[in-house]
Amino acid sequence: MRRRKFISAVVKTASAAACIQVFPPSLHSLVVQQSATPNVSPSSSPKPQLALTLDDPTLSLGSVLRWQEANGRILKAISAKNVRIALFVCGMRVDEADGARMLAAWDQAGHSICNHSYSHKYYGEQTSYSDFAVDFLKDERVIAPYHNRTAIFRYPFLKEGDTAEKRDRFRALLKERGYRVGHVTIDASDWYVSQRFVDRLGKQPNAPIAPYRDYLIAHLLDRATFYRQLALDVLGRDIRHTLLMHYNPLNAFVLPDVMNAFEAAGWQWIDASLAFEDPVFRSQPQTVPAGESLVWALAKETGRFGDRLRYPGEDDVYEKPKMDVLGL
Ligand SMILES: [Zn+2]
């Protein structure tokens, strides 16, 4: 019960934040000053920054909504914040005429179109370096037509190789082709919350969306707080964060609420291209198996944060019992 109350408070605050934005600047400062605690001036504590990165745009969203509607909703939510995101395209999900139409809409809106491999292979024991490399190169053909294609690669499942040799060979290939890694700093399991929502709609078509939205928002804010603190402890400074979310039905409906909730919690949305300029994204953690959130890997590499690092960093197994208890 306490959790639900907390979540609904978050959402109410988010709505309030949305209202504040329409005030003229002078009134806006007044509101901020009144709500700030007496000892903390807003200017003395710069806001933590994050960029949205969205993975796996797809034409197949099940029976919940058509891709055209999802695409329109997601693009509108992002443009309301006046930021440009990084879209990580997995070729097999969009490799037809409609997929090209979808990507063109993102390209025209100025978002970065990035490589997420063609077949979304898990770069572990079951995938050789050669197979993974071929699959990465195959995705280049899918994103090649777009003006805003960007040489940034995101590993599927954030898995960067199960041996040092495979890890380093692929890193060398990325370098050779002029790519950077599209690291996630704030990892999360939004995909699982959406999956549960879609499953529920399959059984109960009129099921309310609000409890799933509230769970998702609380989950994302919780993970953001965790990875921000971990980055502060490992690196001694606030980095520019990249939040991982997916192109899925739940996010298509609630992305405006998610983005408002982050602002209400004190975060500032920034362009993904700006976030990726942070020097932290040039790090190459020497961990094996390689991957997870970049912050997770950097923490792991120090050998000092074992008590705070679970493996994998995020997964459905952590959310399932909590969602079961809530009846979601
Ligand atoms: Zn993916």
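Residues numbered from 1 in each chain as written. Predicted model: local features only at pLDDT ≥ 70, side-chain atom pairs only at ≥ 80, totals over all residues. Heavy atoms only, no water.

A few points about the coordination of the zinc ion
- For the zinc ion, the full set of protein donor atoms is D56 (OD), H116 (NE2) and H120 (NE2), and the range of their distances to it is 2.1 Å.
- Read in sequence order, the donor residues for the zinc ion give the motif D-x59-H-x3-H. Per residue, the accessibility class of H116 equals that of H120, and both read buried. (Donors = N, O, S within 2.8 Å, 3.2 Å for Na, K, Ca; no water. Buried < 20%, exposed > 50% of the residue type's maximum accessible area, 1.4 Å probe, protein only.)

Observations regarding unusual backbone geometry
- Residue P289 is bonded to the preceding V288 through a cis peptide linkage, with omega at -5°.
- By secondary structure assignment, the location of P289 is in the loop between α10 (272-275) and α11 (294-302).
- Across the junction of Y311 and P312, the peptide omega takes the value -5°, indicating a cis bond.
- Of note, S117 is a non-glycine position whose phi angle comes to about 75°, a positive value.
- For S117, the location among the structural elements is in the loop between β3 (112-115) and α5 (129-143).
- One non-glycine residue, E292, adopts positive backbone phi at about 75°.
- Its location among the elements puts E292 in the loop between α10 and α11.
- A relative accessible area of 4% places E292 in the buried class. (Helix = DSSP H or I, 4+ residues; strand = E, 2+ residues; numbered from the N terminus.)

Describing the environment of P145
- Structurally, the position occupied by P145 is in the loop between α5 and β4 (149-153).
- Separated by 42 residues in the primary sequence, P145 and L103 place their C-alpha atoms 9.6 Å from one another.

Looking at helix α4 (residues 97-108)
- Along its 12 residues, α4 runs 17 Å from first to last C-alpha, staying within 8% of the 16 Å computed at 1.5 Å per residue.
- Among all positions in α4, only G99, M102, L103, W106 and D107 are buried. Buried residues of α4, viewed axially, fall in a sector of 140°; they line one side. Seen from the open side of α4, the exposed residues pointing more than 90 degrees away from its buried face are A97, R101 and Q108.
- Phi turns positive one or two residues past the end of α4, at G110, with a value near 90°. (Expected span 1.5 Å × (residues − 1). Arc of directions from axis to C-beta.)

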